[in-house]
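Spelled out, the chains give:
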Amino acid sequence: MLLVALTGGIGSGKSTATTFFAQCGAVVIEADKLAKEVLATGTPGLAAVKAHFGSKVLQRDKSLDRAALAQIIFADPVERAVLEGIVHPLVHRLFGERIASLPEDSVVIYEIPLLVEVGKAEDFQLVITVETPLSTRIERLAKRGLSQEEAMSRISEQSSNSERRAVADIVLTNSTSEMNFISNLLAVWNLRLKPFAENIAANRSAEIGEVDPASIPNLLPLSSQVSRIMDRIEHAINGKIEVVSLAEVVVATGQAKLSSKLKHLGFVEVEPDRSYASADPGRPMNLQIIKK
């Protein structure tokens, strides 16, 4: 199963991307919808919210008054942190339940606007972030009924483009025509996401040279893409990495049984606990493990 996080600032056009990927056959899960579920009437989540914020955030039918709650949390960072402490763990658990029964060859697109804020980027084999000019985002938010001041307040509360880029593998821009954006999404799907998922399901590594990585739309420079993968590996196995070439990486570690950790990153075991190869056609790579 390929787990892909799709993030981007409010008004960037994430829904266009998720709609397209769903049409391609991906399983789309939206963090915002999960957040609504865990705060539905009668849930432990709503009970916890009421216990802290009081009945003023409930409507007459005892359901959540989202407008009242929004006024509180957007005016007070401390209160917002309290709400996030209630909601985020519940959403994370519900997401795990949703993907548990999916077929192994599934491509899961998890639309999660607050990926950086919740610190969950390492839970995914790939992270895609969508960037859109500020003026366009404000125009879109105005159509949702937000004033320019309200729009800027919401935007400023979220992570910046540079912060999202730091955890991303693919950066796409939604700044020109929708047709161009869809064309880029199609290339990402056909050349990277779909074959990556198929390789993982078949426990098969990607062939170096099979796909030209330059043909896959991505605003990130190659050095940033490779650095992102290195960060993931170091985070997973707590080891020291030496990049021999863009296709060869030596990992020094004292840990045993790395296969499950590296499998989570999309690496296939070639020689038991010694050699691994990436299943990602967009960035084929071989890992040689050296025990300290």
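Residues numbered from 1 in each chain as written. Predicted model: local features only at pLDDT ≥ 70, side-chain atom pairs only at ≥ 80, totals over all residues. Heavy atoms only, no water.

Draft legend 1. Region of the structure containing the overall build of the protein chain. A tally of helices and strands in the protein chain yields twelve helices and ten strands. A globule of 292 residues ought to have a C-alpha radius of gyration of about 19 Å, and the protein chain, at 21 Å, matches this closely. Across its three principal directions, the C-alpha atoms of the protein chain cover 60 × 45 × 30 Å. Residue pairs in contact within the protein chain that sit at least 24 positions apart in sequence constitute 70% of those at least 6 positions apart. In the form shown here, the protein chain has an accessible surface area of approximately 14300 Å², with 52% of it arising from carbon and sulfur atoms. Averaged over its 32 positive side-chain charges, the protein chain has a centre that lies 4 Å from the centre of its 35 negative ones. (Helix = DSSP H or I, 4+ residues; strand = E, 2+ residues; numbered from the N terminus. Rg over C-alpha atoms; globule rule 2.2 N^0.38 Å. Contact = heavy atoms within 4.5 Å. Areas by Shrake-Rupley, 256 points an atom, 1.4 Å probe, with all protein chains shown as cover. Lys, Arg positive; Asp, Glu negative; His and termini not counted. Charge placed at Lys NZ, Arg CZ, Asp CG, Glu CD.)

Draft legend 2. Structural detail: unusual backbone geometry. At K62, a position not held by glycine, the phi torsion is positive, near 75°. Turning to its location among the elements, K62 is positioned in the loop between helix 3 (44-53) and helix 4 (66-73). On the accessibility criterion, K62 (54% relative accessible area) is exposed. Phi at N203 takes a positive value of approximately 55°, unusual for a residue other than glycine. Residue placement: N203 occurs in the loop between helix 10 (178-201) and helix 11 (222-237). (Buried < 20%, exposed > 50% of the residue type's maximum accessible area, 1.4 Å probe, protein only.)

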